[in-house]
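Structural overview for review
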Amino acid sequence: MCAKRIAILTSGGDAPGMNAAIRAIVRIALNRGIEVYAIYEGYQGLIDGGDRFRKLTWDSVGGILHRGGTVIGTARCDEFRTREGRRKAAHNLVERGVDNLVVIGGDGSLTGANVLRQEWQSLLTELAEMNQITPEIAEQYAHLFIVGLVGSIDNDMHGTDMTIGADTALHRITEAIDAISSTAASHQRTFVVEVMGRNCGYLALMGCLATGADWVLIPENPPEVDNWEKKMCDDLRAGRQAGRRDSIVIIAEGARDRNGKPITSAHVMEVLKKEFDEEVRVTVLGHVQRGGTPSAFDRNLGTLMGAAAVDAVMSGSPNDEPQLISLRGNRIVREPLMKCVEQSKAVGQAIADKNYERALELRGNSFRETLRTLKTLLRSLPHEPIAGQKRLRLAVLNSGAPAPGMNAAIRAAIRIGLDKGHIMLGVNNGFQGLIDGEIEPMDWMSVNGWASVGGSELGANREVPSESTFYPVARTLERHEIEGLLVIGGWTAYQGAYRLYKQRENFSAFNIPIICLPASINNNLPGSELSIGADTALNNIMWAVDRVKQSAIAQRRCFVVEVMGRYCGYLALMSGLATGAERVYLHEEGITLRDLQNDLDHLMTGFELGKRLGLMIRNEKANPIYTADFMAALFEEEGGALFDVRQTILGHVQQGGDPSPFDRIQATRLAARCVDFLIENANSATPAGAFIGLESGGIRIHNIEEMPQLMDETYQRPKKQWWLDLLPISRMLAQPAPESEMTSV
Ligand code: ADP
């Protein structure tokens with residue numbers, strides 16, 4: 001039996017992150033001795049054959065990570081819908097000895113791949129009967145192994161938490177709506193923004209949650225009343241009366257009313273124009289949403305899914321059903337492809353049947369929960385408290401370094417608390433504010449527009465309550481009759497909350513429910529696989545490194561880039577994956593002199609063979625002696641005339657800027673759950689302490705007593721760091737091309 005060969009194609013609509021998948025498939029396959037063919041222009045290329053099939057080398061997929069779209073082209077192809085077309089496709093594959101096909105596309109493309117597999121043996125029999133292939137060849141390639149990756153900006157595939165491209169599309173949408181918001185607010189204007197999604201409201205829903213737009217129309221959840229136009233106008237008017245300066249309605253292209261009649265952006269505009277007698281502008285975002293450089297998440301998702309596709313081919317056996325590579329939590333897993341495709345199509349069918357309950361059910365828990373939270377946040381004013389209800393006094397504070405997304409969390413907590421009839425208090429300046437009594441009541445409009453703002457509007461610092469300050473903290477809590485505390489921030493937030501909890505016997509004011517929400521760009525907190533702010537920081541680093549790389553195009557140069565993260569290498573590793581760094585240095589692994597010698601040898605060999613750019617990313621605490629300065633000087637000296645070296649310490653740029661959509665959305669989801677927790681626990685005689693987090697794709701609340709056990713002995717990072725499992729992939733992609741490849745370049 002000859003060695004395995006893989007062919008890859010991208011089909012249907014292009015999606016940012018497809019190139020990362022192609023790069024990973026090629027490099028990991030070559031590394032394992034598997035040849036890879038790219039089929040240019042999707043199924044059309046598969047049918048055309050000839051030079052549409054091209055063998056890919058290690059270098060041919062260099063420099064494509066940051067590019068949007070797909071470098072191997074995509075197309076829609078009606079001929080592939082015919083048996084004759086698929087017979088030609090089969091012929092082209094066996095002619096080149098390929099019986100593993102990786103298809104990156106939407107549900108249409110994956111259905112096409114499944115049809116090809118179902119017919120495969122009969123197609124080969126036909127080809128043999130027509131004397132186009134020998135019976136031996138038909139026998140040898142009797143099984144076609146299919147692996148599917150979902151490239152779709154709509155995030156419309158069942159069985160995977162995210163599809164390749166959806167996060168980038170959300171970036172484009174939030175950037176656009178943030179920009180529209182500022183002009184709309186200046187002129188007190190109304191805007192209607194149309195986003196993609198024929199059967200899937202994901203982009204519209206999340207775009208609305210991330211930006212603080214005022215009304216949203218999605219296919220799965222049409223307005224509940226027939227005269228929705230009136231409801232929309234009433235809501236927007238109430239929002240203006242409450243003090244909002246702009247009104248933004250987001251509409252998914254597949255929006256409809258509850259009778260199934262499509263709702264167009266033009267119709268929404270006409271309704272608003274007539275009602276408010278003012279100018280209303282429509283912005284159809286269209287293909288802008290597909291375009292531009294992929295986000296860090298999509299680059300890494302493409303890379304990890306690509307790696308998993310090669311694993312699936314390696315371990316697959318001839319009779320295996322087609323597999324879909326999917327994301328569950330932070331894990332890449334395999335699912336039966338056709339089951340996922342069928343379930344995805346079922347949502348479209350449920351919408352067509354006007355069975356909206358079923359459509360929402362099929363979308364899953366997280367979608368439904370987000371929709372519920374959004375409906376609260378969108379209100380122009382909170383519900384009035386119920387007569388006789390107990391109105392709790394709940395306080396929120398930020399602690400530690402500002403992390404992008406903190407404001408989104410505060411906004412959600414304040415609004416959800418108010419809507420449930422409680423009194424919400426903001427603590428300025430972190431725990432110091434609790435010591436100094438800097439507390440103020442927050443109303444609905446006090447957090448208007450906070451979702452998109454970076455930093456911390458409440459103010460935060462690194463103060464942690466201690467022996468000498470417990471008393472003033474207790475006095476403040478008593479004076480303001482605080483009955484629950486939400487602490488949002490990094491390790492100082494966690495430490496502070498833990499200390500207050502532990503002092504409950506000495507200070508009865510601390511005997512209230514306390515919950516911590518992870519917000520730190522370092523991603524070094526217990527009980528959460530991701531903390532708020534880390535995704536924004538990762539995108540900031542990627543943005544900067546992309547530019548640094550570009551600046552070096554004319555020279556032979558190596559960059560040593562230092563990133564934040566303190567004692568946690570998350571930012572270094574993930575930014576290394578997203579930018580194609582050849583080496584990442586983490587605190588978890590340290591740096592030895594031998595490492596540096598090896599890395600230098602690799603650099604020298606690479607530059608001697610014609611490479612033009614080297615990129616090393618270093619976590620700020622990777623090693624206290626071998627600093628960025630030291631490394632740059634060492635490489636510069638030893639590199640001699642072969643290459644020069646520059647170091648870049650990115651610093652606080654990483655902490656700043658507008659929060660990414662992911663950070664805004666997760667901050668909102670987590671804060672909503674924290675407020676529920678405080679309310680549920682307020683009446684208990686021994687109220688619980690807790691910390692919340694994202695684990696295995698869901699939200700989990702831990703007892704605060706578990707906090708020390710989950711941290712390592714240095715208390716600088718959690719014991720379990722899931723992302724360390726990605727080190728082997730990062731190394732494999734970064735190492736020099738295999739020997740065989742080097743000579744062929
Ligand atoms: P997407 O993959 O983005 O959903 P399409 O639905 O347009 O995009 O499908 C892309 C291509 O996949 C089509 O042009 C066609 O070549 C192929 N395809 C889609 N559905 C089928 C099918 N049922 N049988 C065979 N080929 C199909």
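For clarity, every value in this text was computed on a predicted model and none was experimentally measured. (Residues numbered from 1 in each chain as written. Predicted model: local features only at pLDDT ≥ 70, side-chain atom pairs only at ≥ 80, totals over all residues. Heavy atoms only, no water.)

In terms of regular secondary structure, the protein is built from 25 helices and 22 strands. Taken over C-alpha atoms, the radius of gyration comes to 28 Å for the protein, in line with the 27 Å a tight globule of 745 residues would show. Expressed as lengths along the three principal axes of its C-alpha atoms, the size of the protein is roughly 90 × 70 × 45 Å. Accessible area of the protein: about 28,700 Å², with a carbon and sulfur share of 48%. The distance from the centre of the 78 positive side-chain charges to the centre of the 91 negative ones in the protein is 2 Å. (Helix = DSSP H or I, 4+ residues; strand = E, 2+ residues; numbered from the N terminus. Rg over C-alpha atoms; globule rule 2.2 N^0.38 Å. Areas by Shrake-Rupley, 256 points an atom, 1.4 Å probe, with all protein chains shown as cover. Lys, Arg positive; Asp, Glu negative; His and termini not counted. Charge placed at Lys NZ, Arg CZ, Asp CG, Glu CD.)

This part takes up the site of the ligand. Around the ligand sit 16 residues in total, of which Arg76, Cys77, Gly106, Gly108 and Ser109 are the nearest. With respect to the ligand, the side chain of Arg76 contributes an N or O atom lying 2.7 Å from an oxygen atom. Protein coverage of the free-state accessible area of the ligand, which is 550 Å², stands at 81%. A total of 6 residues in the shell around the ligand trace back to one element, the largest contributor, which is helix α4 (residues 107-129). Taken together, the residues of the shell around the ligand break down into 4 nonpolar, 8 polar and 4 charged. (Near = heavy atom within 4 Å. Polar contact = N/O pair within 3.5 Å; in protein donor to acceptor, adjacent residues only side chain to side chain. Nonpolar A, V, L, I, M, F, W, Y, C, P; charged D, E, K, R; others polar.)

Below, the discussion takes up the side chain of Thr163. Structurally, the position occupied by Thr163 is in the loop between β5 (145-150) and α6 (166-187). Owing to a relative accessible area of 0%, Thr163 belongs among the buried residues under this scheme. When sequence neighbours within four positions are dropped, the list of residues in contact with Thr163 reads Val150, Ser152, Asn155, Asp156, Met157, Asp298 and Leu301. (Buried < 20%, exposed > 50% of the residue type's maximum accessible area, 1.4 Å probe, protein only. Contact = heavy atoms within 4.5 Å.)

This next bit is on the pairing of strand β1 (residues 5-10). Most of β1 sits inside the fold, with 5 of its 6 residues counted as buried. At this point the chain moves from β1, through helix α1 (residues 18-31), to the parallel strand β2 (residues 35-39), and the crossover so formed is right-handed. By the bridge criterion, 5 bridges tie β1 to strand β4 (residues 100-105) in an arrangement that is parallel. Each residue of the ladder has a partner; that of Ile6, found in β4, is Asn100. (Right-handed = clockwise from strand over helix to strand, strands pointing away. Pairing = 2+ DSSP bridges.)

Quick look at the nonpolar core now. Membership of the largest hydrophobic core comes to 151 residues, with the highest contact counts inside it found for Leu149, Leu517 and Tyr570. Ranked by the residues each element gives to this core, the list is headed by helix α10 (residues 296-315), at 10 residues. In this structure Tyr570 touches Asn522, Asn523, Leu530, Ala534, Leu538, Trp722 and Trp723, once residues within four positions along its chain are discounted. Membership of the second largest hydrophobic core comes to 37 residues, among which are Phe53, Val98, Leu116 and Leu123. (Core = buried A, V, L, I, M, F, W, Y, C linked by side-chain atoms within 4.5 Å.)

In this structure, Gly13 sits in the loop between β1 and α1. On the accessibility criterion, Gly13 (19% relative accessible area) is buried. Taking the C-alpha atoms as reference points, Gly13 and Gly490, separated by 477 residues in sequence, lie 40 Å from one another. Beyond its immediate stretch of four places on either side in the chain, Gly13 contacts Met18, Arg76, Gly151 and Arg290.

When the domains of the protein are assigned, the result is domain 1 (5-163 + 294-329), domain 2 (166-289), domain 3 (393-532 + 659-713) and domain 4 (534-657 + 727-741). A straight line from the C-alpha centre of domain 1 to that of domain 4 covers 32 Å. With 20 residues of domain 1 at the contact, the number on the domain 4 side is 18 residues. Interface area, domain 1 with domain 4, both sides summed: about 1,600 Å², of which 63% is carbon and sulfur. Between Arg299 and Asp546 there is a salt bridge whose closest N-O contact spans 2.7 Å. Here domain 1 is connected to domain 4 by 5 residue pairs in polar contact (both at pLDDT 80 or more). (Domains from an automatic or database assignment. Buried area = accessible area lost by both parts, 1.4 Å probe. Salt bridge = Lys/Arg side-chain N within 4 Å of Asp/Glu carboxyl O.)

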